[in-house]
Amino acid sequence: MKDNNSNGLTRDFLEEEEDQDFNLNEYIRRYFRYWYLFPIFLFLALTVAFFYLQITQPIYSTRTSILIKDENKGLSGAQGDILSELSSQFGGNKLVENELEIIRSQTLMEQVIKELNLDVSYTSKSGLRTVNLYKTSPIIVKAEVINPFGYQEPLIIHMEDSTHFRFNDEDKLFTFNQRFNNAWGAFVVTKGTDSEFEDVEVHFTEVKNLAEGMLNRLSVEQPNIKSTVLELIFEDSDVQRSKDVLNKLLDVYVQSSLSDKNSEASNTLKFIENRLGLITGELGDVEKDVESYKTNQGITDISAESQLFLENIKENDSKLNEVNTKISILESVDNYIQNAGEGAVAPATYMIDDPVLVSLLTKFNELELQRERYARTTSPNNPLLQTINTQLSGTRQSIRENVQNLKRGMAVTKRNLEGINTRFSAGLRSIPKKEREFVGIKRQQSIKEELYLYLLQKREETALAYASTVTDSRLIDAPISTFHPIKPKRSLIWLGSGVAGLVIPLLIINLLFMLKNTVQRREEIEKVTHASILGEIGQMKNTINGVPGEESIIKMTSRSAVAEQFRALRTNLQYLGDGSCRVIMFTSSIGGEGKSFISINLAASLAYSDKRVLLIGLDLRKPTLHERLGVPNRVGASNCLIGQGHYEDFVQSTGVHPKFDVLTSGPIPPNPSELLSNGKLPLLLAEMREQYDYILIDSPPYGLVTDSALIAEHVDATLYIVRFNYTIIDHLKRIGDLQRARRFSNLSVIFNGVNYGAGYGYGYGYGGYGYGYYSEESESKAKNVGSKLKKLVGLG
């Protein structure tokens, strides 16, 4: 039967827990205890935002766009133009993706930094903000050698007047246009533009590190994948500097592109110039031979027969010379292919009439240019570079095979022409020796003249192509900067600081809630224990008349808040059980929760209501009643329990009220539990019931020893003390277990030491009036202000 009752009670408690809904109003009011954190953190957050906006330099965005002339995606040059035709002999098609990476290369950015002298920057202070003095600095530092220390610490220059300045904190004055050598390095200081700033910080930055930082602020994008337009965006605190960087970057990019395109034409010009030098010398020698032979031999004319043989031999020799020239060119091509990349001079493709070989050489030169370009901007293991190297190897093999085939064909032609020459030479044997020798010399002169004229023509054509080279990119929009800074976003900063000023205290308060494992609210007790709360006792002042508040005896005739609470608690005793509970035990989970304080003051309150009250100290292990009441403890309850005398012999008057007596614990026994369970306690209480209206028992903490459980069997009601911000929440579960098991008869809870701050429940001030209705002995203005604040937030 008991089991069924127990199960029924358990179900009732569970159903009650399920029926409890989330109380938003209660949840919000918990935060009002810490209301002061919100204005504090909001003020701090807005202050931080203000100083952040004052200190931070605004960042502007500058953008420009260029067109990459790609045959596959964009526009090509005008056809039919002779300059375009000559340029196409040396220019290659660009891929937009490759050009994008080239523009973002470290090499180009470092060149921009060097040409604009960005590795030396100037700043000054204007209030809290640091101002950049790009092109507006009153001084200019021309660095020659910078020491490692110079890259770590800025050089501060103080302008004294228009011609003198000082370094850092030095007293010595210096003039402009002097060379200095100090810890920062060697440099020359010259006068800059007129400026309102007198103190200038000079920052030296390594070019490599500065280039990396600037590349992080540079973005190159392709707005439309189907077009060949690139958009360059650069972010900087100085508008003019950002425009100069983009302009200079495009200039450097164009010059690099033109340099790559002209490299093949430059190599061809060098080859032709070398050949012209050799042919000019050979032609001069042959002409001198002709002059000397005619002078020495006295030859003035050639016979008709000799003229005929001469013309035939000359024609045949021209063909043979052309074959030899082609064989020489093929050998130079073969030598160039074998030594490509080692400074070899590129052969002229104009002297090669085989279209296959010309196509292969053109392709080889284009691949060689691409390999050199990527080698400067990418790592050796880059897949693009490896692909180009593979294509170069295949093209080189094809050229060598083609050259070998052409050389074999030329060798056959040469043998045929030499056979014809042999036949013509046999005919010349009939000609006089002098005339035959003259013909040989004259023939060499004609050959050299033809070759000389051919090289002159090709040199002019190559020079024209070199001069007509144009870049494969075109500027669309000049650099344009935003009117308003993109960073920091003031509205976002203010909004973020406001949100942070509200969120941070919320997080702190929630963290405090998470870290606090003690009882803070009445609802926590009701929810966990399911026990009724008989009354609340407010937090006492730190000291009253030099006595700690939690140990003092309240003046029951006063109209203080705590005195009224004890009177309310006294009234609520009639609702314990059936209203006839006269023997009441006070216990708690641990020591220090206020059992003795509440039992003494409740007893005093009952005595002032004309009730005879006896307070018994049954904490036989650590008694404190006698100390609080100021009475001796030589004899007491322990003497009664062992039969050493009648309790009336040991009862003492407290001096608080004539009807308030106390029976102290007496000497501490060695076996308190056995003493309480020896059967004399119920007899003793029965005798006391006849003499006193109320018997209050101050017992040991239930959570530490079993003495309270032994005493509870003989009392009418138990008041379990829970102290605000002291009792651990887990200890409330023990009260709930006692309530469900009905181990303590008429169990109720007293909430002690409550701090009625702005976030505590609904105020619990008896009908909602609060304790402002009662007059404190030393009420302060602060409490009045707190009361008004509570009314403003709806807590009154």
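Anyway, here's the lowdown on the structure attached to this text.

Reading the values: the criteria
- Residues numbered from 1 in each chain as written.
- Predicted model: local features only at pLDDT ≥ 70, side-chain atom pairs only at ≥ 80, totals over all residues.
- Heavy atoms only, no water.
- Salt bridge = Lys/Arg side-chain N within 4 Å of Asp/Glu carboxyl O.
- Helix = DSSP H or I, 4+ residues; strand = E, 2+ residues; numbered from the N terminus.
- Buried < 20%, exposed > 50% of the residue type's maximum accessible area, 1.4 Å probe, protein only.
- Polar contact = N/O pair within 3.5 Å; in protein donor to acceptor, adjacent residues only side chain to side chain.
- Contact = heavy atoms within 4.5 Å.
- Patch = residues over 30% accessible without salt bridge, like charges linked within 9 Å, V, L, I, M, F, W, Y side chains within 5 Å.
- Areas by Shrake-Rupley, 256 points an atom, 1.4 Å probe, with all protein chains shown as cover.
- Lys, Arg positive; Asp, Glu negative; His and termini not counted.
- Charge placed at Lys NZ, Arg CZ, Asp CG, Glu CD.
- Pairing = 2+ DSSP bridges.
- Axes fitted to C-alpha atoms, helices over the stretch in contact; angles between N-to-C directions.
- Phe/Tyr/Trp six-rings, centres within 6.5 Å; stacked < 30°, edge-to-face > 60°.
- Core = buried A, V, L, I, M, F, W, Y, C linked by side-chain atoms within 4.5 Å.
- Expected span 1.5 Å × (residues − 1).
- Parallel < 35°, antiparallel > 145°, perpendicular 65-115°, else oblique.
- Left-handed = near helix turned anticlockwise from the far one by under 90°.
- Nonpolar A, V, L, I, M, F, W, Y, C, P; charged D, E, K, R; others polar.

The next subject is the pattern of salt bridges. Where side chains of opposite charge bring their charged atoms close, a pairing between them can arise. One pass over the full model with this rule turns up 22 salt bridges. The partner of D610 in a salt bridge is K659, and the shortest N-O contact between them spans 2.0 Å. Separated by 49 residues along the polypeptide, D610 in the loop between helix 17 (595-608) and strand 18 (613-617) and K659 in the loop between strand 19 (652-653) and strand 20 (660-663) bring together distant segments of the chain. The exposure class of D610 is exposed, given its relative accessible area of 51%. For R612, the salt bridge goes to D661, with nearest N and O atoms at 3.8 Å. Linking R612 in the loop between helix 17 and strand 18 with D661 in strand 20, this pair joins segments that are 49 residues apart in sequence. R612 gets classed as partly exposed once you look at its relative accessible area, which sits at 32%. For D661, a relative accessible area of 11% corresponds to the buried category. One continuous salt-bridge network, built from bridges that share partners, spans R217, D236 and R241.

As a further point, take the side chain of S105. For S105, the position within the fold is in the loop between helix 5 (96-103) and helix 6 (106-116). Here the side chain of S105 touches L108 through a polar contact of 3.5 Å, landing on its backbone nitrogen. Ignoring anything within four residues of it in the chain, the contact list for S105 reads L215 and T377.

To continue, consider a negative patch on the surface. Residues E648, D649, E687 and E690 make up a contiguous surface patch of negative charge. Among the secondary structure elements, E690 is positioned in the loop between helix 21 (680-689) and strand 21 (694-698). The exposure class of E690 is exposed, given its relative accessible area of 68%.

The next point concerns unusual backbone geometry. In this model, K487 is joined to P488 through a cis peptide bond whose omega is -10°. Looking at the element boundaries, P488 is found in the loop between strand 13 (473-481) and helix 14 (490-515). In the Ramachandran plot, N725 falls in the positive-phi region, its phi being about 60° despite a non-glycine side chain. Turning to its location among the elements, N725 is positioned in the loop between strand 22 (717-723) and helix 23 (729-741). We classify N725 as partly exposed; its relative accessible area is 38%.

Inspection of the secondary structure assignment puts S137 in the loop between strand 3 (129-132) and strand 4 (139-146). Not counting the four nearest positions on each side in its chain, S137 is found in contact with Y122, G192, T193 and V200.

Below, the discussion takes up the sheet that holds strand 21. With mixed pairing, eight strands are arranged side by side in an open sheet as 14-23-22-17-21-18-20-19. Only two strands of the sheet have a single partner each, and these edge strands are strand 14 (533-538) and strand 19. For strand 14 and strand 23 (residues 747-754), the ladder comprises four bridges, and the chain directions are parallel. Pairing of G535 across the sheet is with I750, part of strand 23. Sitting on the sheet, helix 15 (residues 522-529) touches strand 14, strand 22 and strand 23, and the angle it makes with strand 14 is about 155°. Contacts from helix 16 (residues 561-572) reach strand 14 and strand 23, with the element oriented near 165° to strand 14.

Attention now goes to a nonpolar patch on the surface. A cluster of nonpolar side chains, namely L46, F50, F51, I55, L128 and W494, defines an oily patch on the protein surface of about 520 Å² accessible area. Take the nonpolar patch: its biggest share by element is four residues, from helix 3 (residues 37-55). Among the secondary structure elements, F51 is positioned in helix 3.

Here we take up the packing of aromatic side chains. Within the structure shown, the criterion is met by 16 aromatic pairs. Ring geometry for F149 and W184: centres 5.1 Å apart, planes at 70°, overall edge-to-face. Of the two residues, F149 sits in helix 7 (residues 148-152) while W184 sits in the loop between strand 8 (178-182) and strand 9 (185-191), which places them 35 residues apart along the sequence. Classification of W184 as buried rests on a relative accessible area of 11%. Ring geometry for F180 against F187: centres 6.1 Å apart, planes inclined by 35°, an arrangement best described as tilted. Accessibility assignment for this pair places F180 and F187 in one class, buried. An aromatic cluster is built from F165, F167, F174, F176, F180, F187 and F204, whose rings are joined through pairwise contacts.

Membership of the largest hydrophobic core comes to 43 residues, with the highest contact counts inside it found for I616, M688, I697 and V722. The contacts of I616, once residues within four sequence positions are left out, are L625, A637, L663, L685, M688, I695, L696, I697 and D698. Among the nonpolar cores identified, the runner-up in size contains 35 residues, and I537, I600, L606 and L696 belong to it.

All right, on to helix 11 (residues 355-377) then. End to end, helix 11 covers 34 Å across 23 residues, agreeing with the expected 33 Å (1.5 Å per residue, within 8%). Taken residue by residue, helix 11 has L357, L360, L361, F364, N365, L367, E368, L369, R373 and Y374 as its buried positions.

Let us look at the sheet that holds strand 4. Across the sheet, three strands lie side by side as 4-9-8; this open sheet has antiparallel pairing. Looking along the sheet, the strands with just one partner apiece sit at the ends: strand 4 and strand 8. The sheet shows a mean angle of 25° between the axes of neighbouring strands, direction not considered. Taken together, the seven bridges between strand 4 and strand 9 define a ladder with antiparallel strand orientation. Across the sheet, residue V145 finds its bridge partner in strand 9, namely A186.

With that settled, consider helix 17. Under the 1.5 Å per step criterion, the end-to-end length of helix 17 is 20 Å for 14 residues, consistent within 8% with the ideal 20 Å. Burial of helix 17 is extensive: 13 of the 14 residues sit out of reach of the surface. Phi for D610, located one or two positions after helix 17, is positive at around 70°.

A separate point is the environment of Q397. Within the secondary structure, Q397 sits in helix 12 (residues 383-428). For the pair Q397 and I337, spaced 60 residues apart in the sequence, the C-alpha separation amounts to 8.9 Å.

The next subject is the packing of helix 6 against helix 8 (residues 207-216). Their axes nearest at 9 Å, the elements helix 6 and helix 8 cross at an angle of 110°. The angle between helix 6 and helix 8 falls in the class roughly perpendicular. The chirality of how helix 6 crosses helix 8 is right-handed. Listed contacts from helix 8 to Q106, M109, E110, I113 and K114 of helix 6 are V207, K208, L210, A211, E212, M214 and L215. In terms of residue class, the contact of helix 6 with helix 8 is built from seven nonpolar, one polar and four charged.

Attention shifts here to the packing of helix 16 against helix 17. Across the interface, helix 16 lies against helix 17 with an axial gap of 9 Å and an inter-helix angle of 75°. The orientation of helix 16 relative to helix 17 falls into the category roughly perpendicular. Contact residues: F566, R567, L569 and R570 in helix 16; F597, I598, N601, L602, S605 and L606 in helix 17. Residues of the contact of helix 16 with helix 17, tallied by class, amount to six nonpolar, two polar and two charged.

This next bit is on the pairing of strand 10 (residues 199-204). Side chains on a regular strand alternate between the two faces of the sheet. Of the two faces of strand 10, only one is covered, namely that formed by V200, V202 and F204; the face formed by D199, E201 and H203 stays uncovered. Across four bridges, strand 2 (residues 120-126) lies against strand 10 in antiparallel orientation. Each residue of the ladder has a partner; that of T123, found in strand 10, is E201. As judged from the four bridges shared by strand 5 (residues 155-159) and strand 10, these two strands associate in the antiparallel manner. Note on strand 10: the bridge partner recorded for I156 is E201.

Honestly, that's just the spatial picture; any functional story needs more than this.
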